[in-house]
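# Structural characterization, general
The chain contents come next:
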Amino acid sequence: MKTIRVSRQAKALNALLKRARHEKVILPSAQGDECILAEIDDFNREIELARQNKPLMKLLESRARQKATVSLEEAKHQLGLT
């Protein structure tokens, strides 16, 4: 995904962005292609940034590969709750 800054002088584009804050906008091209313009909520942006965090992704990948589990009884024993 690429971020492109929109200048204040781009009146038509800024009008579309303002409208997209309230509802999704479909932009059909003269060639028949369609794109959608929609506001990104904070959660989606946070996920995108987290995916770009290589150390975090490496940690999550290593955790996903772990096969060992601990039973409830073993966890209680390890925590001294028996």
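What this report covers is the structure whose coordinates are included nearby. Please read these numbers as outputs of a predicted model, since none were measured by experiment.

Summing up its helical and strand segments, the chain has four helices and two strands in all. Taken from the N to the C terminus, the helices and strands of the chain come in the order α-β-β-α-α-α. The globule rule puts the C-alpha radius of gyration for 82 residues at 12 Å, and the 23 Å found for the chain is more than 25% above it. When its C-alpha atoms are laid out on the principal axes, the chain stretches across 70 × 25 × 25 Å. Taking all 82 residues of the chain together, 5% fall into the buried category. When the accessible surface of the chain is totalled, it reaches about 8,200 Å², and 54% of it is carbon and sulfur.

Right, let's get into the layout of surface pockets. For the largest pocket, the calculated volume is near 730 Å³. Around the largest pocket, the lining is made up of 18 residues, and of these Ile4, Leu17, Leu37, Ala38 and Ile40 lie nearest the centre. Those elements that provide at least two residues to the lining of the largest pocket are helix H1 (11-20) and helix H2 (42-51). The element contributing the most residues to the lining of the largest pocket is H1, with four residues.

Attention now goes to a negative patch on the surface. A grouping of Glu39, Asp41, Asp42 and Glu46 is seen on the molecular surface, where their side chains present a negatively charged patch. Here glutamate 46 is to be found in helix H2. Classification of glutamate 46 as exposed rests on a relative accessible area of 53%.

Turning next to the environment of glutamate 23. Relative to the helices and strands, glutamate 23 resides in the loop between H1 and strand S1 (25-28). Residue glutamate 23 is classed as partly exposed on the basis of its relative accessible area, which comes to 42%. Taking the C-alpha atoms as reference, glutamate 23 lies 8.1 Å from glutamate 39; in sequence the two are 16 residues apart.

The rules behind the values
Residues numbered from 1 in each chain as written. Predicted model: local features only at pLDDT ≥ 70, side-chain atom pairs only at ≥ 80, totals over all residues. Heavy atoms only, no water. Helix = DSSP H or I, 4+ residues; strand = E, 2+ residues; numbered from the N terminus. Rg over C-alpha atoms; globule rule 2.2 N^0.38 Å. Buried < 20%, exposed > 50% of the residue type's maximum accessible area, 1.4 Å probe, protein only. Areas by Shrake-Rupley, 256 points an atom, 1.4 Å probe, with all protein chains shown as cover. 1 Å grid on protein atoms, 1.4 Å probe; cavity = no way out; pocket = protein on both sides within 12 Å on 5 of 7 lines; lining within 4 Å. Points joined across faces, edges and corners; volume = space filled by probe spheres on them. Patch = residues over 30% accessible without salt bridge, like charges linked within 9 Å, V, L, I, M, F, W, Y side chains within 5 Å. Salt bridge = Lys/Arg side-chain N within 4 Å of Asp/Glu carboxyl O. Lys, Arg positive; Asp, Glu negative; His and termini not counted. Charge placed at Lys NZ, Arg CZ, Asp CG, Glu CD.

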